[in-house]
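As a plain string of letters, each chain reads:
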Amino acid sequence: MSAQPYDPDNIFAKIIRGEMPAFKVYEDEHTLAFMDIMPQVPGHTLVIAKAPGADMFELADEALQAAIVTTKKVAAAVKQAFDAQGVMIAQLNGSAAGQTVFHLHFHILPRNAGIELGFHAREMADAETLEAHAARVRAALANG
Ligand code: 5GP
């Protein structure tokens, strides 16, 4: 059971409903992927389940499975788009674990040796940069 009850007006629920904008890179029936607005590294992308659920323990297994399969697909595209040596996948459950948005999501973080991650959810990137990065990921997804 989650320590945090699900809030249907959390920011990611609003993005799913189209009430808040996002730099989207991928969408299907069960999942949505978009650029993190406060990237810890260029190319930091989020994959969310469309089903409501604050964290992995609140979400039905089917929705969680869809989210991790989309994460794999989008992570491959992010790796290619940002010419990354490796890709870190992160998923936080509960504020004690550092979670700040209480709607299930996976972080995709392209990594290169010697380049440290920035602080979590700290510094907003500008819209032009995020759109350019989203375009790179979309192009990599289109290339398969
Ligand atoms: P968490 O701390 O819950 O694991 O991660 C939440 C992530 O959402 C953070 O990395 C933060 O930068 C990002 N974030 C917070 N608000 C917004 C927003 O309005 N739009 C987008 N695209 N990302 C957001």
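Within every chain, residues take consecutive numbers counted from 1 along the sequence as written. Totals for whole chains, interfaces and linings use every residue, but because this is a predicted model, local features are given only for residues with pLDDT of at least 70 and side-chain atom pairs only at 80 or more, for both listing and counting. Hydrogens and waters are ignored; side-chain quantities use all the structure's heavy atoms.

Overview of the pairing of strand β1 (residues 24-27)
- Strands qualify as paired when DSSP identifies two bridges or more between them. The way it works is that DSSP assigns letters per residue, a run of H or I at least four long becomes a helix, a run of E at least two long becomes a strand, and they are numbered from the N terminus. As judged from the three bridges shared by β1 and strand β2 (residues 31-35), these two strands associate in the antiparallel manner. Among the inter-strand pairings, E27 is bridged to a residue of β2, identified as L32.
- The turn joining β1 and β2, which pair antiparallel and follow one another in sequence, is formed by three residues.

A word on unusual backbone geometry
- Even without glycine at this site, D83 takes up a positive phi of about 50°.
- The residue D83 is located in the loop between α2 (61-81) and β4 (86-90) in this model.
- A positive phi angle is found at A121, which is not glycine, with a value near 50°.
- Along the chain, A121 falls in the loop between β5 (105-111) and α3 (127-143).
- The class for A121 is partly exposed, based on a relative accessible area of 33%. When a residue's accessible area, from a 1.4 Å probe over protein chains only, is under 20% of the maximum for its type it is buried; when over 50% it is exposed; and in between it is partly exposed.

Quick look at a nonpolar patch on the surface
- A cluster of nonpolar side chains, namely I68, V69 and I89, defines an oily patch on the protein surface of about 250 Å² accessible area.
- Relative to the elements of secondary structure, V69 occurs in helix α2.
- The exposed category is assigned to V69, whose relative accessible area is 56%. Patch membership is restricted to residues that have no salt bridge and whose relative accessible area is over 30%. Joining uses 9 Å for like charges and 5 Å for the nonpolar side chains Val, Leu, Ile, Met, Phe, Trp and Tyr. The protein chains shown are the only cover counted for residues, whose accessible areas, like all others here, come from Shrake-Rupley with a 1.4 Å probe. What makes a salt bridge here is a side-chain nitrogen of Lys or Arg within 4 Å of a carboxyl oxygen of Asp or Glu, nothing more.

Quick look at the sheet that holds β2
- Pairing in this open sheet of five strands is antiparallel, and the strands run β1-β2-β3-β5-β4 from one edge to the other. At either margin of the open sheet sits one strand with a lone partner, and together these are β1 and β4. Going from strand to strand, the sheet's axes swing by 20° on average, the running direction of each strand aside.
- With five bridges connecting them, β4 and β5 associate as antiparallel partners. For M88, the partnering residue across the bridge sits in β5 and is L109.
- We call two residues contacting when some pair of their heavy atoms lies within 4.5 Å. Axis definition: a line fit to C-alpha positions, over the contact stretch in the case of helices; interaxial angles, taken between N-to-C directions, run 0 to 180 degrees. Along the sheet, α2 contacts β1, β2, β3 (45-49), β4 and β5; its crossing angle with β5, the most-contacted strand, is approximately 20°.

Focus on the site of the ligand
- The nearness test applies per residue and asks whether one of its heavy atoms lies within 4 Å of the molecule or strand. Close to the ligand lie 17 residues; D36, T100, V101, H107 and H120 are nearest.
- The contact in question runs from an oxygen atom of the ligand to an N or O atom on the side chain of T100, over 2.6 Å.
- For the purposes of these results, a polar contact is taken to be a pair of N or O atoms within 3.5 Å, where, inside protein, one atom must be able to donate a hydrogen and its partner to accept one; residues adjacent in sequence count only when each atom of the pair is a side-chain atom. H107 has a polar side-chain atom sitting 2.8 Å from an oxygen atom of the ligand.
- Considered on its own, the ligand offers 520 Å² of accessible surface; in the complex 92% of this is hidden by protein.
- Looking at the shell around the ligand, the elements that each hand over two or more residues are α1 (11-16), β2 and β5.
- Lys, Arg, Asp and Glu make up the charged group, whereas Ala, Val, Leu, Ile, Met, Phe, Trp, Tyr, Cys and Pro make up the nonpolar group; the residues left over, Gly among them, are polar. Looking at side-chain class alone, the shell around the ligand contains 10 nonpolar, six polar and one charged residues.

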